[in-house]
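If you want the building blocks of each chain, they are given just below.
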Amino acid sequence: MSDRLKVLPQYLIPKQALTVLAGKLAGAKAGGLTTSVIRWFVGRYGVNMDEAANPDIASYASFNDFFTRPLKAGARPHADADFICPVDGAISQFGRIDRDQIFQAKGHAYSTRALVGGDRDLAAQFQDGEFATLYLSPRDYHRIHMPCDGRLTRMIYVPGALFSVNPTTARGVPGLFARNERVVCVFENNEIGPFVLVLVGATIVGSMATVWHGQVNPPRPGKIREWDYPAGEVMLKKGDEMGRFLLGSTVVMLFPKKRVSFTEAWAPARPIRLGEAMGHRPR
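Residues numbered from 1 in each chain as written. Predicted model: local features only at pLDDT ≥ 70, side-chain atom pairs only at ≥ 80, totals over all residues. Heavy atoms only, no water.

## Notes on helix α4 (residues 32–45)
Now for step 1: Here α4 spans 20 Å end to end across 14 residues, near enough to the 20 Å set by a 1.5 Å rise per residue.
Now for step 2: In this structure, the buried side of α4 is in contact with α5 (63–67).
Now for step 3: Looking one or two residues beyond α4, the residue adopting positive phi is Gly46, at roughly 65°. (Helix = DSSP H or I, 4+ residues; strand = E, 2+ residues; numbered from the N terminus. Expected span 1.5 Å × (residues − 1). Contact = heavy atoms within 4.5 Å.)

In structure tokens form, the structure reads like this:
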């Protein structure tokens, strides 16, 4: 069966309603039932609770508390590299942006302008630059960290669809990451200039949150919302937590031209871990 046929049901199901329901259920505090669901989830997806700061499944009051659990100190050491991987997960795609086109999967690409919510000037800063698309599966740690130092300048909420973001859907839905709901976080770095981390929503992803704002969605107002941040208000260091997903999704990063050279160890579909070397500045 082709990937397009496999994803056809996603066009038909009420994704928004399912996502709202999933968000309510994940936030519910149902005692033993919550513990049973978490225990099933850990077994089903092979979650390694030994890495969690709190490995006691029964102590989590809600599924959301479990899903956004912090790791124990030292579980993800940071490599000595200019850029480190910001998440646990797998590489979907990465490499050069072809003028303004980001490669999604065979036969599919989308524009930087569409990804960032239609801002032509913002997108132009990444002409012929570099990108990385990283997929977080249900079993992964779901906090997102900084690949390098950054000063936050803007945050843009872009409404959109709620397709799944798994590899099959990436192959079957054109422009997937520029169609789904997303939160665009724009940073400045003294050495490389601007860079962007895009948190992409998906089916049953109840919400996305950042450390400086808290929960960004819901609400889901159906229109673009923007926040500007004065110099020095939000400064984050390489490896600092910057946000989190409530249920799994995808992060897309954009960098300007000739600012990042990805490590030779990286390849599409390769598993990745927070803190490993992602790349260096070209010398």
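Following the structure, the description resumes.
## Things to note about the packing of aromatic side chains
Now for step 1: Enumeration over the complete set of coordinates arrives at 17 aromatic pairs.
Now for step 2: Between the aromatic rings of Phe195 and Phe255, the centroid separation amounts to 5.9 Å while the plane-to-plane angle is 20°, which identifies the pairing as stacked. Residue Phe195 is located in strand β9 (residues 193–200), and its partner Phe255 is located in strand β15 (residues 250–255); the two are separated by 60 residues in the primary sequence. With respect to class, Phe195 is no different from Phe255; both count as buried.
Now for step 3: Ring geometry for Phe262 versus Trp266: centroids 5.8 Å apart, planes at 15°, classification stacked.
Now for step 4: Overall, Phe262 belongs to the buried group, its relative accessible area being 12%.
Now for step 5: Three or more aromatic residues joined by ring pairs make a cluster, and in this case those are Trp40, Phe41, Tyr45, Tyr60, Phe63, Phe66 and Phe67.
Now for step 6: Seen from the ring of Tyr45, Arg44 lies directly overhead, with NZ or CZ sitting 4.9 Å from the centre.
Now for step 7: The residue whose ring lies beneath Arg69 is Phe66, and the NZ or CZ to ring-centre distance is 4.6 Å. (Phe/Tyr/Trp six-rings, centres within 6.5 Å; stacked < 30°, edge-to-face > 60°. Buried < 20%, exposed > 50% of the residue type's maximum accessible area, 1.4 Å probe, protein only. Lys NZ or Arg CZ within 6 Å of the ring centre and 35° of its normal.)

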